[in-house]
Every structure is written in structure tokens, then in C-alpha cells.
Amino acid sequence: MAAITASMVAELRGKTDAPMMECKKALTEADGDMVKAEEILRVKLGNKASKAAARVTAEGIVGTYISADGKLAALVEVNCETDFVAKNDDFLAFTKSVAELVAIQNPADVAAVGSLALDGSTVEAVRTALVGKIGENLSIRRFQRIEAQGKVASYIHGGAKIGVLVDLVGGEEALAKDIAMHIAASKPKSLDASGVDAALIDSERRVAIEKAKEAGKPEAMIEKIAEGSVQKFLRDVTLLGQVFVKAEDGKQTIEQLLKSKSASIASFSLFIVGEGIEKKVTDFAAEVAAQAAAAAQAR
């Protein structure tokens, strides 16, 4: 039996927002397996245990670049330590420059971005100088580059905390903008079911089966119920399956909208600043107490 530590309970609570005791029970039942414990909580608590899939904690902005003809684009996330610096003009200009360089130079990865030429120097040298000037650490976290099959449109939301690029084939610019806004609001995981991680689908199926069993459903119906749950999940997390946020009837899906406009989506990119990064939480009182204790020992 694995030892269940306070930090494990805190981590599970951070992921699910479930009560502490429920988290401890789930971890005990799962023998310390965090993924299995999260599934157990979802079976027991339903949607109450699915809060923090994309909790935003780090600071920074998402920057974009789109060529004049809409055929080339890039999305970048650049992080800093405080929201104050995320509004700094030099930081904003640096992010904009990096986005343009990524689109035009097509670097292999984030490490390669640092060696790209910028302002008579390199991106890494400019970044380092900016760290010294601003007084905070800055980092280029990730980027996505698109060579469009159609034309790229973008949408930036919430002080550049959410950024979207969408490559629309056919249709008008207004449609592309609407879909980009929808993506920012609904946060699909992929364009269609083929892009959804098989592990996520398996997890949904397992949760649905356990819920059906706990509800006392007939054994012969459980697989059908589970498949129905999986299909609903796929409609919720795939762009084409989602109901358009501006649908007048509240029913029209993105797929139906595109068909009505004789258009299609080649690809899309969605960045949420800090997604998946847990910000360090400082206990100020504990920090002061620790400093006082260290000072006392040094006497």
C-alpha cells in the first residue's frame, strides 16, 4: 500500500477541487495512482471533480503574427513573473517580434528561436538584456506556426491571455473571426475525434461504466450507455462537434455552420497563458517565521 502524503492530497485537490477527505480516500483506494484517483472522484462527484483541467497560473501573453495575404502565421507564448510586466511595452514588443520571426524563419523548436537574428543581435541576447532591464525572468515557452491552406484569422482575448489562430478554407473573413472567437470561448481539444488522445477517450469510457454500475443499470445496457457518454464527450471537446457559441437556435454545430457556408477548417491553434503550469504559492507567514528561525540560529 502506497503512503498517501499531504502533498499528494493537495495536488489532487488542486486538480479536481474536491474536498480534502474525498481526495485522501480516492488516493487510498487508487493506491497512490493520481490518474486513477482522479477517475474515482469523477465517478463519485461528477462534474464537481473536473474543475482544473486547464488552470491558468503563470503570467505572460500570447503573441500573433499573420502575413498580409493571410497565408503564413504564428502563435507564441512568452512568460514572465508578474502581470505588471506582461503589460510592459518592451515585453509586448519582444513578443511581437518573436512571433514574426517564428512565422518567417520557421525554427525547429523553442531552443532554435534563441539563435534567430533580432535587432542586430539574437533573440536570446535581447531576452537576456530585457531580463536585466525589467528585473524579471522571461521565457519563450512555446509556438505554433501555420502555412495556410486557406487564410488565417486570429482572435486575442483577456489582455492577450488567450490566443487563437484558425486556417479557414473558403468562407468569408467574418466567419473565420467568429470561429476563432468560438475556439477561445469553448476551448476544443482538437478539430475532430481523430485528434483526441485515446487515453482521454478510454478514461471517459471507464468513468461512464463505473457510473452506470453504481446507478444499478442492467449489465446489457452498460456498454451502450458508456458509448453514448463517449460520443457526448467527443461532441464537447471537438471543434466540429461543438455547438456554435453564436448559434441563434442554440443547436447549430460548427460542422453544420461550415457546411452552410461551403467552408472547412484546415487547422487551428489555441494557447492559454500558463496552461498546465502551477504557480508557486508563497506562504508569507511561514516564510517570515523560517527567516526568523534561521536568524536566531545564526546568533
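Refer to the structure presented above.
Residues numbered from 1 in each chain as written. Predicted model: local features only at pLDDT ≥ 70, side-chain atom pairs only at ≥ 80, totals over all residues. Heavy atoms only, no water.

A. Structural context of the sheet that holds strand β6 (residues 151-157). Strand order in the open sheet made by the 3 strands is β6-β7-β8, with antiparallel pairing throughout. Looking at the sheet topology across the chains shown, the edges are occupied by β6 and β8 (264-272). Taking each pair of neighbouring strands and ignoring which way they run, the sheet shows an average axis angle of 15 degrees. Examined bridge by bridge, strand β7 (residues 162-169) and β8 share 8 bridges and lie antiparallel to one another. In the sheet register, Val164 faces β8, and the bridge partner there is Leu270. Its contacts with the sheet put helix α7 (residues 173-186) on β6, β7 and β8, and the angle it makes with β7 is roughly 140 degrees. (Pairing = 2+ DSSP bridges. Helix = DSSP H or I, 4+ residues; strand = E, 2+ residues; numbered from the N terminus. Axes fitted to C-alpha atoms, helices over the stretch in contact; angles between N-to-C directions. Contact = heavy atoms within 4.5 Å.)

B. Region of interest: the packing of helix α8 (residues 198-214) against helix α9 (residues 219-237). Two elements in contact, α8 and α9, have axes separated by 8 Å at closest approach and are oriented at 135 degrees. Classified by the interaxial angle, the pair formed by α8 and α9 is oblique. Once α8 is placed against α9, the crossing between them reads as right-handed. Residue-level contacts link Leu200, Ile201, Glu204, Arg205, Ala208, Ile209, Ala212 and Lys213 of α8 to Ile222, Glu223, Ile225, Ala226, Glu227, Ser229, Val230, Phe233 and Leu234 of α9. When the residues that make up the contact of α8 with α9 are grouped by side-chain class, the tally is 11 nonpolar, 1 polar and 5 charged. (Parallel < 35°, antiparallel > 145°, perpendicular 65-115°, else oblique. Left-handed = near helix turned anticlockwise from the far one by under 90°. Nonpolar A, V, L, I, M, F, W, Y, C, P; charged D, E, K, R; others polar.)

C. Layout of the pairing of β6. Pairing between β6 and β7: 7 bridges, direction antiparallel. Bridge assignment links Lys151 to a residue of β7, and that residue is Leu168. Counting the residues that bridge the hairpin from β6 to β7 gives 4 residues, and of these Gly158 lies at a positive phi of roughly 60 degrees.

D. A look at the sheet that holds strand β5 (residues 139-147). Reading across the sheet, the 3 strands line up as β1-β2-β5 and stay open at both edges, with antiparallel pairing between neighbours. Edge strands, defined here as strands with exactly one partner in the open sheet, are β1 (59-66) and β5. Geometrically, the sheet is characterised by an average inter-axis angle of 10 degrees between neighbouring strands, direction not taken into account. Pairing of β1 with strand β2 (residues 72-80) involves 8 bridges; the strand directions are antiparallel. Considered in β2, the bridge of Glu59 is made with Cys80. Each of β1, β2 and β5 is contacted by helix α4 (residues 89-105), which is oriented at about 140 degrees to β2, the strand it contacts most.

E. Spotlight on the side chain of Lys161. Along the chain, Lys161 falls in the loop between β6 and β7. Within the structure, Lys161 has its side chain in polar contact with the side chain of Asp83 (distance 3.0 Å). Other than its neighbours up to four places away in sequence, Lys161 contacts Glu59, Gly60, Val62, Asp83, Ala86, Phe271, Ile272 and Val273. (Polar contact = N/O pair within 3.5 Å; in protein donor to acceptor, adjacent residues only side chain to side chain.)

F. Molecular detail of α8. Taking 1.5 Å per residue as the helical rise, α8 with its 17 residues ought to reach 24 Å, and the 24 Å between its terminal C-alpha atoms agrees with that figure. Among the residues of α8, Ile201, Ser203, Glu204, Val207, Ala208, Ile209 and Ala212 are the ones counted as buried. The backbone nitrogen of Ala199 has a side-chain oxygen 2.9 Å away, supplied by the residue at the start of α8, namely Asp197. Looking one or two residues past α8, Gly216 carries a phi angle of roughly 80 degrees, positive in sign. (Expected span 1.5 Å × (residues − 1). Buried < 20%, exposed > 50% of the residue type's maximum accessible area, 1.4 Å probe, protein only.)

G. Geometry of the packing of aromatic side chains. In total, this model carries 0 aromatic pairs according to the counting rule given. Note that Arg142 overlies the ring of Phe271, its terminal NZ or CZ placed 4.2 Å from the centroid. (Phe/Tyr/Trp six-rings, centres within 6.5 Å; stacked < 30°, edge-to-face > 60°. Lys NZ or Arg CZ within 6 Å of the ring centre and 35° of its normal.)

H. Up close: the pattern of salt bridges. Counting across every chain of the model gives 13 salt bridges. We note a salt bridge from Glu77 to Arg141, for which the minimum N-O separation is 3.3 Å. Of the two residues, Glu77 sits in strand β2 while Arg141 sits in strand β5, which places them 64 residues apart along the sequence. In this structure, the salt-bridge partner of Lys133 is Asp90, at a minimum N-O distance of 2.7 Å. Pair noted here: Lys133 is in helix α6 (residues 123-134) and Asp90 is in helix α4, with a separation of 43 residues, a long-range link. Take Asp90: its relative accessible area is 32%, and that puts it in the partly exposed class. (Salt bridge = Lys/Arg side-chain N within 4 Å of Asp/Glu carboxyl O.)

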